[in-house]
Amino acid sequence: LTGLLNGIAQSSYYGNTEITEELLKSELYPDLPADQFRALLEKMRGLVKSIVSADMDINQIDAFLTAQTKKQGGITTEQAVVLAKFWKNHKRKIRESVVSQSRWENNLKSMNWRIDLKSQSRHRDQENSPVAIVEMEIGNNDKESEFLYLEFNEAKINGMLKQLAEVEDCIRALTQTS
């Protein structure tokens, strides 16, 4: 059963396309009739899906599996023990996989910044004035990143700092009323 649950995790949550129903049957349950294997596989898939979607903690999974053992056509006590151990070992990795698969937009991978002095400008009075250079790496894990470069003069930085202070004040006001 542990092998079956690992196979379900590999195919459903870790993206391993080599793990098929046929492979699981031939490797783990070669003597079990196909219809009985399919019923076991679907029952375990359903239980794992319920556990994953509820992101169960130890108390929740114990209660859930106890209820499943008492249910007509449910699972055995031994299967419940194996399921609980499987979830304990795979919870973090499956959760990370589910969260990663649910993102379809780009995210900020890294951000670097530095302060430079402007050495060239159309206007002579802007030379040697400080500028902030910001480099952001944006993308998903499965595709090449894009880089965004921004340059802020002193006035823009002061404006941004003012807006950040206003956001901070709003957050502080919200937390005090809670």
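What you see is a predicted model, and the numbers here were worked out from it, not measured in a lab.

Further remarks concern the environment of Leu150. Mapped onto the elements of the fold, Leu150 is located in strand β3 (residues 146-153). Separated by 102 residues in sequence, Leu150 and Val48 have C-alpha atoms that sit 46 Å apart. With sequence-adjacent residues up to four places away left out, Leu150 is seen in contact with Ala132, Ile133, Val134 and Met136.

One finds Leu4, Met44, Val48 and Leu83 to be the most contacted residues of the largest nonpolar core, which totals 25 residues. Among the secondary structure elements, those contributing two or more residues to this core are α1 (2-12), α3 (34-54), α4 (58-70) and α5 (77-102). The leading source of residues in this core is α3, at 8 residues. Not counting residues up to four positions away in its chain, the partners in contact with Met44 are Leu1, Leu4, Leu5, Ile8, Ile75, Gln79 and Leu83.

As enumerated under the stated definition, the model contains 7 salt bridges in all. Close ionic contact of Asp55 with Arg95 constitutes a salt bridge, the shortest N to O distance being 3.1 Å. Here the residue Asp55 occupies a position in the loop between α3 and α4, and Arg95 occupies one in helix α5, the gap between them amounting to 40 residues. Relative accessible area serves as the criterion here: at 29%, Asp55 is assigned to the partly exposed category. The salt bridge involving Glu168 is made with Arg172; its shortest N-O contact spans 3.5 Å. Remark: Arg172 and Glu168 occur in helix α6 (residues 154-177); sequence separation between them is 4 residues, near one turn of the helix. Classification of Glu168 by relative accessible area gives partly exposed; the value is 47%.

What follows concerns the domain arrangement of the protein. Interface size, as often reported, equals the accessible area lost upon joining of the parts. With domains assigned, the protein is organised as domain 1 (1-102) and domain 2 (107-177). Placing the centre of domain 1 and that of domain 2 at their C-alpha centroids yields a distance of 46 Å.

Tallied over the full model, the rule gives 1 aromatic pair. Between Tyr29 and Phe37, the ring centres sit 5.8 Å apart and the planes meet at 45°, which makes this aromatic pair tilted. You can call Phe37 buried: its relative accessible area is 1%.

Rules used in this analysis
- Residues numbered from 1 in each chain as written.
- Predicted model: local features only at pLDDT ≥ 70, side-chain atom pairs only at ≥ 80, totals over all residues.
- Heavy atoms only, no water.
- Helix = DSSP H or I, 4+ residues; strand = E, 2+ residues; numbered from the N terminus.
- Contact = heavy atoms within 4.5 Å.
- Core = buried A, V, L, I, M, F, W, Y, C linked by side-chain atoms within 4.5 Å.
- Buried < 20%, exposed > 50% of the residue type's maximum accessible area, 1.4 Å probe, protein only.
- Salt bridge = Lys/Arg side-chain N within 4 Å of Asp/Glu carboxyl O.
- Domains from an automatic or database assignment.
- Phe/Tyr/Trp six-rings, centres within 6.5 Å; stacked < 30°, edge-to-face > 60°.

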